[in-house]
Amino acid sequence: MSFILRRAGQAAIVLIAAFTATFFLLQLLPGDAILIKFSDPSLGLSPDQLDSIRATYGADLPWWQQYVHAGLGFLAGDFGFSTQFGTPVLTMLAEALPATLLLASLGLVVALLLAILIAGLSSLAPFAWLRDSLRQVPGLFVAVPVFWLGILLIQVFSFGLGWVPIVGADPVSGLLLPVLTLAVPISAPLAQVLVRAIDQVQSQPFVTVVRAKGAPPLWVLTRSVARNAAVPTLTIAGVLFGELVGGAVVTETVFGRTGIGRLTEQAVANQDIPVLQGVVLLSALGFVVISFAVDLVTPLIDPRQRTVTRSRPSTASTASRTAPQEVSA
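As the structure is a computational prediction, the values presented were derived from the model and not from experiment.

### Describing the overall build of the protein chain
Working step 1: What the protein chain contains, in helices and strands, is 14 helices and 0 strands.
Working step 2: In sequence order, the protein chain lays out its α and β elements as α-α-α-α-α-α-α-α-α-α-α-α-α-α.
Working step 3: By residue count, 35% of the 329 residues in the protein chain fall in the buried class.
Working step 4: Of the contacts formed within the protein chain by residues at least 6 apart in sequence, a portion of 71% connects residues at least 24 apart.

### Things to note about helix α3 (residues 47-57)
Working step 1: The complete set of buried residues in α3 reads Leu-50, Ile-53 and Arg-54. Viewed end-on, α3 has its buried residues packed into an arc of 100 degrees, placing them on one side of the element. In α3, those exposed residues whose orientation departs by more than 90 degrees from the buried face are Asp-48 and Thr-56.
Working step 2: Looking one or two residues past α3, Gly-58 carries a phi angle of roughly 75 degrees, positive in sign.

### Quick word on the packing of helix α6 (residues 128-142) against helix α8 (residues 173-202)
Working step 1: Two elements in contact, α6 and α8, have axes separated by 8 Å at closest approach and are oriented at 150 degrees. As summarised for this structure, α6 and α8 are arranged roughly antiparallel, according to the angle between their axes. Once α6 is placed against α8, the crossing between them reads as left-handed. Facing α6, whose interface residues are Arg-135, Pro-138, Gly-139, Phe-141 and Val-142, α8 presents Val-184, Pro-185, Ser-187, Ala-188, Pro-189, Ala-191, Gln-192, Val-195 and Asp-199.
Working step 2: Here the residues of the contact of α6 with α8 sort into 9 nonpolar, 3 polar and 2 charged.

### Observations concerning the nonpolar core
Working step 1: Grouped together as the largest cluster of nonpolar side chains are 26 residues, with contacts concentrated most on Ile-186, Leu-190 and Leu-244.
Working step 2: Only α5 (89-124), α7 (146-160), α8 and α11 (241-255) provide two or more residues apiece to this core.
Working step 3: At 10 residues, the largest contribution of residues to this core is made by α8.
Working step 4: Leave out the neighbours within four places in its chain, and Leu-190 touches Ala-111, Leu-112, Ala-115, Thr-233, Ile-236, Ala-237 and Leu-240.
Working step 5: Counting 18 residues, the second-largest nonpolar core is a separate cluster that includes Leu-26, Ile-260, Val-279 and Ala-284.

### Quick look at the side chain of Ser-187
Working step 1: Note on placement: Ser-187 falls in helix α8.
Working step 2: Polar contacts involving the side chain of Ser-187 include one to the main-chain carbonyl oxygen of Val-184, which spans 2.7 Å.
Working step 3: Excluding residues that lie within four positions of it along the chain, Ser-187 makes contacts with Ala-111, Leu-114, Ala-115 and Phe-141.

### Quick notes on a nonpolar patch on the surface
Working step 1: A surface patch of nonpolar side chains, amounting to about 720 Å² of accessible area, comprises Phe-147, Trp-148, Ile-151, Leu-152, Val-156, Leu-161 and Trp-163.
Working step 2: With respect to the secondary-structure elements, Leu-161 resides in the loop between α7 and α8.

### A short note on the packing of aromatic side chains
Each aromatic ring pair is specified by the distance between its two centres and by the angle formed by the two planes.
Working step 1: Within the structure shown, the criterion is met by 8 aromatic pairs.
Working step 2: Both rings, one in Phe-157 and one in Trp-163, keep their centres 5.9 Å apart while their planes meet at 45 degrees; by these two values the pair is tilted.
Working step 3: For Phe-157, a relative accessible area of 25% corresponds to the partly exposed category.
Working step 4: An aromatic cluster of at least three residues, connected via ring pairs, comprises Phe-19, Phe-23, Phe-24, Tyr-67, Phe-74 and Phe-79.

### Points about the environment of Ala-237
Working step 1: Topologically, Ala-237 is positioned in helix α10 (residues 217-239).
Working step 2: Residues Ala-237 and Ile-186 lie 51 residues apart in sequence; the distance between their C-alpha atoms is 8.6 Å.
Working step 3: Leaving out residues up to four positions away in the same chain, Ala-237 has contacts with Leu-108, Leu-112 and Leu-190.

### Re the confidence of the model for the protein chain
Working step 1: Confidence along the protein chain averages 76 in pLDDT terms, with 84% of residues attaining 70 or more.
Working step 2: Of all secondary-structure elements in the protein chain, the lowest mean pLDDT belongs to helix α14 (residues 315-322), at 41, while α5 reaches the highest, 86.

### Side note on the side chain of Ser-82
Working step 1: With respect to the helices, strands and loops of the structure, Ser-82 is situated in the loop between α4 (63-75) and α5.
Working step 2: A polar side-chain atom of Ser-82 sits 2.3 Å from a polar atom in the side chain of Asp-272.
Working step 3: Not counting residues up to four positions away in its chain, the partners in contact with Ser-82 are Tyr-57, Thr-87, Val-89, Met-92, Asp-272 and Val-275.

### Concerning the environment of Asp-78
Working step 1: Among the structural elements, Asp-78 can be located in the loop between α4 and α5.
Working step 2: Asp-78 sits 10 residues away from Pro-88 along the chain, and the two C-alpha atoms are 8.4 Å apart.
Working step 3: Only 3.0 Å separates the side chain of Asp-78 from the backbone nitrogen of Gly-80, close enough to count as a polar contact.

### Structural notes on the packing of α5 against helix α12 (residues 260-270)
Working step 1: At a minimum axis separation of 7 Å, α5 and α12 run at an interaxial angle of 130 degrees. Judged on the interaxial angle alone, α12 and α5 are oblique. From α5, Met-92, Leu-93, Ala-96, Leu-97 and Thr-100 reach across to α12, where they touch Ile-260, Gly-261 and Leu-263.
Working step 2: By residue class, the composition of the contact of α5 with α12 is 6 nonpolar, 2 polar and no charged.

Parameters and conventions
Residues numbered from 1 in each chain as written. Predicted model: local features only at pLDDT ≥ 70, side-chain atom pairs only at ≥ 80, totals over all residues. Heavy atoms only, no water. Helix = DSSP H or I, 4+ residues; strand = E, 2+ residues; numbered from the N terminus. Buried < 20%, exposed > 50% of the residue type's maximum accessible area, 1.4 Å probe, protein only. Contact = heavy atoms within 4.5 Å. Arc of directions from axis to C-beta. Axes fitted to C-alpha atoms, helices over the stretch in contact; angles between N-to-C directions. Parallel < 35°, antiparallel > 145°, perpendicular 65-115°, else oblique. Left-handed = near helix turned anticlockwise from the far one by under 90°. Nonpolar A, V, L, I, M, F, W, Y, C, P; charged D, E, K, R; others polar. Core = buried A, V, L, I, M, F, W, Y, C linked by side-chain atoms within 4.5 Å. Polar contact = N/O pair within 3.5 Å; in protein donor to acceptor, adjacent residues only side chain to side chain. Patch = residues over 30% accessible without salt bridge, like charges linked within 9 Å, V, L, I, M, F, W, Y side chains within 5 Å. Areas by Shrake-Rupley, 256 points an atom, 1.4 Å probe, with all protein chains shown as cover. Salt bridge = Lys/Arg side-chain N within 4 Å of Asp/Glu carboxyl O. Phe/Tyr/Trp six-rings, centres within 6.5 Å; stacked < 30°, edge-to-face > 60°. pLDDT = per-residue confidence, 0-100.

Structure (structure tokens):
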């Protein structure tokens, strides 16, 4: 219970900080979104009508009153209305979220698979030069811009080879290139962390003992090393959730997909502050949920992470709990 309360308090601090930072940064943007939309002479609105519209959105209030009003609204589940479309922000987020959530989830899964493949091959490759070359792949992936990778994949697989149609694609084939575009940059830090963790675990004495018993390299990697090396990889995967959201903005724009990314791009272009605040809070909430899920899964993978709450363990029990998880050959 104390763990849940502590995590809930940390989540509240993250959400408050995200809301506060977003509010003040957006207040510093030049221009007025309401005037940008409604001051068009073709609309024929008088100054009094413009003032009335500003009052409807609360834009005529001092900044501190706007902050309090927006904060209380978020606590009540009211994200306000889009200044560009007049639609409730919560409705817009609910309509855009499923597509982005599917894209981000598949992107994270593919990124994990790529990271595992790179790390496994870099440990099991028969030649030293091949292992060293594979360890340089994550650095190459990091240097690839998302928008450039998306355009390159379209040029090669859609226009060049014609394998994936860019227009009129079915739901499955339409996800292939966007998911790959999102997964490649995310797989780079995951692979780097996993390779480093594997190297550290392989240097442990218990791995030497397992090898001395005659276990083959693949068995040692999958049964003795992988479990101990997985925890830091899962941790960094949770931290990289923000990268998935940022990559989704570019990916959905390049491939013309609807979702949170396209919604964010339109909100930035139109200075739609309520929508931008809603997107940032949604991203912060997603980060909190993913981090909490990682904290729950980690003890299942590595029992050393479990918290002892009943009594202080003895020296012998502490040593046995903190020892790496050895699987006998």
